[in-house]
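# Architecture at a glance
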Amino acid sequence: MLPILFSILNNDKQLQASFKSEAEPHLDALYNFAISLTTDRDDAYDLVQDTYLKAFRFFDKFEKGTNCKAWLFRIMKNTYINDYRKRSKQPEKVDYNDIENFYEEIKASFVNNNHLEEEIFKNLLGDEISEAIASLTEDFKTVIVLCDLEGFSYQEIAEITNAPIGTVRSRLHRARKILFAKLYKYASNNGYTENK
Amino acid sequence: MKDDIHFDEISSLIDGEITEAKKKEEITEKIDSDTKLKFEFLTLKLLKKTIRNKISPAELSVKQKDELLQKIGVRQKRSNQLSKLSFIQSKRFIAYSTFAVVFLAVALLILNGPPLNTVRNTTPEKSQPQNMFIQAVNNFQNIVSGKMSIQVYSSNPKELQEFFKANGVSYSTKITLLENSELVGGFISIYKGIKFAHHIYKDKNGNFLYMFQVDQKYFKEYPKMFITNDLYQYLQNGNQYRLYFGNLLTIMTKVKNNICVLISNFSEEELPQKYQLKFASTYYKQPSVLNN
């Protein structure tokens, strides 16, 4: 009787230990993703908790050796859609044609300029860039965060967001153009660049 | 439409998603020969670089992580209560109930049998408020939250020992280098006019290991500082006292003439070998029931 008892308890302990070692290193990354989704630190913390709880509950379904970080991010994205999205303030949508026109306007001044970074982004602060990302629509900021901050591949992003890889590619491209336009306008308005 | 496809490929190129050499070359050539494409390539590449370089990721504090792990434990219990029926049918229920029966039987045997050689009153967290255990826990929390500053930064154990000596610590300190983490520095605290040494390690994941050591010679003079007599004796016998606060491990032990408190959020495997559970002779208590 006792060996059976101890083997059951040991399995539970092993599962807990395994969850701890697999999932805990990604807590901060999850928190960052949660901030970008909810745009509120308290909500983000709650979302991390809910995600972690779900992940722990279903950890026996997690396939060992696969990408635990992507698995946790997928749980977070679904939890956000089901439980948090309604309460979160959604950013205004941007007309993509406006962005294309804007690009046409500013293109001429950059074609022969070899010091883009000096001109535009040198004085931008990390917080200003974070705010600009937060102001993107959910689909756009999600791909930017997953790709540029968390370093996921397109295939992984497709799995996390449940979208075809082609959609991820075009979404990312559009998101970057919109973000660039936002930052450029912000930099111009704040005197970070001479190109107004 | 055709242009749109090229533009998407620019992002793929920037992100290293195009692995085929021929395709890569083809896109690069197109970019070089078309000012519109080149403009997009340069701006988007710059944007990616700027995001990576300028945004510093937010971090959960140790306290938040700790709370989170504890809450998960509590919620598990709640959800178990909600689904009692399925729990009663589960293997775990059978295991726990069997354990309870075995435990009760052993308890009765102990109560009716001869006394065992056990440690009593080993609850330092509940004893004197100024004991070194409480001081160490407070110090660790203050270090992690940035409220307490490190007085000397050095990765050299000898330099730290000299700092302690030069600044009034009148006992020898034991400081070693660890394999998976870096010695960050140390500081001195004062209790009843006596100066005490503390030092800190940090690993590449930002976890801390903090050590507070006090010469046992102070025990006679200030017994309240050393938790309880029972525990003091227990440590004298070469044992360790271990306690988990969520994922935060506290170990009390005796190293040469010093009584040491080690606090860390390292995993068991990352701890110095002699502090790992499998190597230590311990009074082991987990999880903690202490509500801090």
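Criteria and cut-off values
- Residues numbered from 1 in each chain as written.
- Chains lettered and ligands numbered in written order.
- Predicted model: local features only at pLDDT ≥ 70, side-chain atom pairs only at ≥ 80, totals over all residues.
- Helix = DSSP H or I, 4+ residues; strand = E, 2+ residues; numbered from the N terminus.
- Buried ≥ 20, exposed ≤ 12 C-beta atoms within 10 Å, placed from the backbone.
- Contact = placed C-beta atoms within 7 Å.
- pLDDT = per-residue confidence, 0-100.
- Axes fitted to C-alpha atoms, helices over the stretch in contact; angles between N-to-C directions.
- Parallel < 35°, antiparallel > 145°, perpendicular 65-115°, else oblique.
- Left-handed = near helix turned anticlockwise from the far one by under 90°.
- Nonpolar A, V, L, I, M, F, W, Y, C, P; charged D, E, K, R; others polar.
- Core = buried A, V, L, I, M, F, W, Y, C linked by C-beta atoms within 7 Å.

## Examining the overall build of chain A
Of regular secondary structure, chain A possesses 10 helices and zero strands. Reading chain A from its N terminus to its C terminus gives the helix and strand order α-α-α-α-α-α-α-α-α-α. For chain A, buried positions account for 34% of its 196 residues. Sequence separation of 24 or more characterises 69% of the internal contacts of chain A that already satisfy a separation of 6 or more.

## Let's talk about the confidence of the model for chain A
All names here are of chain A. The predicted model of chain A has a mean per-residue pLDDT of 80, with 73% of residues at 70 or higher. Mean pLDDT across the elements of chain A bottoms out in helix α6 (residues 116-121) (61) and peaks in helix α9 (residues 154-161) (94). Per-residue pLDDT stays below 50 along residues 1-9; that stretch engages in eight contacts with residues further than four places along the chain or on separate chains.

## Points about the packing of helix α8 (residues 138-149) of chain A against α9(A)
Residue and element names in this part refer to chain A. Running from N to C, α8 and α9 point in directions that differ by 140 degrees, and their axes come no closer than 10 Å. The angle between the axes of α8 and α9 places the two elements in the oblique class. For the element pair α8 and α9, the recorded crossing hand is right-handed. Between α8, through T142, V143, L146 and C147, and α9, the contact on the second element is made entirely by I157, I160 and T161. Split by residue class, the contact of α8 with α9 holds five nonpolar, two polar and no charged.

## Quick word on unusual backbone geometry
For T39(A), which is not a glycine, the phi torsion comes out positive at approximately 55 degrees. Relative to the elements of secondary structure, T39(A) occurs in the loop between α2 (27-38) and α3 (41-57). Non-glycine residue K256(B) carries a positive phi angle of around 50 degrees. Tracing the sequence through the fold places K256(B) in the loop between β6 (248-255) and β7 (258-264). A residue is classified by how many C-beta atoms lie within 10 Å of it, and K256(B), with 12 of them, is exposed.

## Considerations on the environment of I14(B)
Residue and element names in this part refer to chain B. Position of I14 among the secondary structure elements: in helix α1 (residues 2-14). A tally of 22 C-beta atoms within 10 Å means that I14 is categorised as buried. The sequence separation of I14 and L42 amounts to 28 residues, and the corresponding C-alpha distance is 9.6 Å. Once residues lying within four places of it in the same chain are set aside, the contact partners of I14 are L44, K45 and K48.

## Comments concerning the nonpolar core
It is characteristic of soluble globular proteins that their nonpolar side chains tend to be buried jointly. In terms of nonpolar packing, the biggest core is built from 53 residues, with A34(A), L72(A), M76(A), V143(A), I144(A) and L179(A) touching the most fellow members. Counting residues per element, this core draws most heavily on helix α10 (residues 165-189) of chain A, which supplies 10 residues. Each residue touching L179(A), except ones within four places of it in the same chain, is listed here: A132(A), I133(A), L136(A), I144(A) and L47(B).

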